[in-house]
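Each chain is listed here by its residues.
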Amino acid sequence: MAEANEAEQDTPDVVNTDSQTSIKSRIDGLGPWFHNMTLAGIRTAPNHFLGDYPEVKFERFRNDIPHDLHGKTVLDIGCNGGFYSLEMKKRGAERVVGIDTDERYLSQARLAAEIEELDVEFLRMPVWDIAALRERFDLVIFMGVLYHLRHPLLALDLIHEHVAKDMLLFQSLQRGSREVAELQTDYEFMAPAPFEESGYPKLHFIEQRYSNDATNWWIPNRACAEAMLRSAGFRIEAQPEEEVYICRYEEITTPPDGPHCVYPATGKKL
Ligand SMILES: C[S@@+](CC[C@H](N)C(=O)[O-])C[C@H]1O[C@@H](n2cnc3c(N)ncnc32)[C@H](O)[C@@H]1O
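**Some details on the nonpolar core**
Moving on, step 1. With 59 residues, the main nonpolar core has Val74, Val140, Ile141, Phe142, Ile159, Leu168 and Leu229 as its most contacted residues.
Moving on, step 2. Aside from chain neighbours lying at most four places away, what touches Ile141 is Val74, Leu75, Asp76, Ile77, Tyr84 and Leu169.

This is the structure in structure tokens:
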């Protein structure tokens, strides 16, 4: 996460009123921010290590998401400071729910929504508990969370099983080869293993830290990110940016070894 600890006012034509001073102190009080947003003329993370993030990323795929979301519902999983939630609300979404595990990020998101006067619901909830929402959403946003999870495929399975209805906006950090090998439906046990091929799906396990962050657990290569999406029941429709995918929900049949979604356990006796 960025050490963006200094919120600053940098819009010259904004008058520095008492209320702006109080907003700045509320923004500072909730820092550091990972999402750089301009709230009442004040930037929340002006020194972000990725630049004007997430705006610079969003710029590359903003036109791949419907501009008019009137009548649509949106779930933003791992919403952080609420950048994507607020952007979707600005597009007219009827209902936007943002969830995250981090209370400070949720407070940032609530403050941003208050200042922008946008009606978005922010809940403290891990992706593991999304079945409790008891609702499917037209657009599910799952950006920048997969590699922070110890059980990444389960998260995709849960999204498919419980909350996805139509579109999934997905992003994951990727490392390793950008090649994508043509996969076969089966591989011979005694034949030379396909696993050395650079384009074979690979998930890299981080036992300690990656980029000084102990919450990074599994980083896929490109082939693996795509294979995981397909395997969980999401058809890839577009890849507008190296790490970003627009997917559609597809029905899946239960495989011979049982349902994908194994959590929460039903508790029933066998
Ligand atoms: C790298 S940030 C991505 C934020 C935002 N989605 C984006 O793309 O800019 C990862 C976010 O996921 C949240 N997160 C981590 N583990 C989570 C979990 N198990 N369930 C829900 N959110 C989680 C973190 O608190 C953080 O806000």
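Here the narrative resumes, following the displayed structure.
**A closer look at the site of the ligand**
Moving on, step 1. Neighbouring the ligand are 16 residues; Gly78, Asn80, Asp102, Met143 and Gly144 lie closest to it.
Moving on, step 2. Its residues placed into classes, the shell around the ligand shows nine nonpolar, five polar and two charged.

**A short note on the pairing of strand 11 (residues 234–241)**
Along any regular strand, the residues point their side chains to alternate faces of the sheet.
Moving on, step 1. Here strand 11 runs beside strand 12 (residues 244–249); their pairing, made up of five bridges, is antiparallel. Opposite Ile236, over in strand 12, you have Cys247 as the bridge partner.
Moving on, step 2. The turn joining strand 11 and strand 12, which pair antiparallel and follow one another in sequence, is formed by two residues.

**Some words on helix 5 (residues 152–163)**
Along an α-helix, a turn takes 3.6 residues, which lines up residues three or four apart on a common side.
Moving on, step 1. Across its twelve residues, helix 5 extends 16 Å between first and last C-alpha, which sits within 8% of the 16 Å expected from 1.5 Å per residue.
Moving on, step 2. Taken together, the buried positions of helix 5 are occupied by Pro152, Ala155, Leu156, Asp157, Leu158, Ile159, His160 and Val163.

**Points about the sheet that holds strand 11**
Moving on, step 1. Read across the open sheet, the seven strands follow the order 6-5-4-7-8-12-11; overall the sheet is mixed. Each end of this open sheet is capped by a strand with a single partner; those strands are strand 6 (121–124) and strand 11. For this sheet, the mean angle separating the axes of adjacent strands, direction not counted, is 20 degrees.
Moving on, step 2. Sheet topology places strand 8 (residues 164–171) next to strand 12; five bridges connect them, and they run antiparallel. Note that in strand 12 the partner of Gln171 across the bridge is Val244.

**What to know about the confidence of the model for the protein**
Moving on, step 1. The predicted model of the protein has a mean per-residue pLDDT of 92, with 92% of residues at 70 or higher.
Moving on, step 2. Within the model, the stretch residues 1–8 combines pLDDT values under 50 with 29 contacts to residues more than four positions away or in other chains.

**Describing the pairing of strand 6**
Moving on, step 1. The sheet contact formed by strand 5 (residues 95–100) and strand 6 spans four bridges and is parallel. Bridge pairing in strand 6 links Val97 to Glu121.
Moving on, step 2. Between the parallel pair strand 5 and strand 6, the chain is carried across by helix 4 (residues 103–116), and the sense of this crossover is right-handed.

**Re unusual backbone geometry**
Leaving glycine out, the prevailing phi sign among residues is negative, and the prevailing peptide bond configuration is trans.
Moving on, step 1. Here the bond from Gly31 into Pro32 is cis, since omega is 0 degrees, no more than 30 degrees from zero.
Moving on, step 2. Summarising the element assignment, Pro32 is placed in the loop between helix 1 (18–29) and strand 2 (38–39).
Moving on, step 3. Residue Tyr53 is joined to Pro54 through a cis peptide bond whose omega torsion reads 5 degrees.
Moving on, step 4. With respect to the secondary-structure elements, Pro54 resides in the loop between strand 3 (42–43) and helix 2 (55–58).
Moving on, step 5. The backbone of Asn80 sits at a positive phi, close to 55 degrees, despite the residue not being glycine.
Moving on, step 6. Mapping Asn80 onto the fold places it in the loop between strand 4 (73–77) and helix 3 (83–90).
Moving on, step 7. Positioned with a positive phi, Glu117 is a non-glycine residue whose angle comes to about 55 degrees.
Moving on, step 8. Tracing the backbone through its elements, the reader meets Glu117 in the loop between helix 4 and strand 6.

**What about the environment of Leu133?**
Moving on, step 1. Within the fold, Leu133 resides in the loop between strand 6 and strand 7 (137–143).
Moving on, step 2. Distance in space between the C-alpha atoms of Leu133 and Tyr210 is 32 Å, their sequence separation being 77 residues.

**Some remarks on helix 6 (residues 222–231)**
Moving on, step 1. Counting buried positions over the ten residues of helix 6 gives seven, a clear majority of the element.
Moving on, step 2. For helix 6, the full list of buried residues reads Arg222, Ala223, Cys224, Ala225, Glu226, Met228 and Leu229.
Moving on, step 3. Considering only its buried residues, helix 6 is in contact with helix 5, strand 8, strand 9 (203–205), strand 10 (218–220), strand 11 and strand 12.
Moving on, step 4. Following helix 6 by one or two positions, Gly233 adopts a phi angle in the positive range, close to 100 degrees.

**Let's talk about the environment of Glu121**
Moving on, step 1. Looking at the secondary structure, you find Glu121 in strand 6.
Moving on, step 2. Distance from Glu121 to Ala109, taken between C-alpha atoms, is 9.4 Å for residues twelve residues apart in sequence.

The rules we used
- Residues numbered from 1 in each chain as written.
- Predicted model: local features only at pLDDT ≥ 70, side-chain atom pairs only at ≥ 80, totals over all residues.
- Core = buried A, V, L, I, M, F, W, Y, C linked by C-beta atoms within 7 Å.
- Buried ≥ 20, exposed ≤ 12 C-beta atoms within 10 Å, placed from the backbone.
- Contact = placed C-beta atoms within 7 Å.
- Near = placed C-beta within 6 Å.
- Nonpolar A, V, L, I, M, F, W, Y, C, P; charged D, E, K, R; others polar.
- Pairing = 2+ DSSP bridges.
- Helix = DSSP H or I, 4+ residues; strand = E, 2+ residues; numbered from the N terminus.
- Expected span 1.5 Å × (residues − 1).
- Axes fitted to C-alpha atoms, helices over the stretch in contact; angles between N-to-C directions.
- pLDDT = per-residue confidence, 0-100.
- Right-handed = clockwise from strand over helix to strand, strands pointing away.

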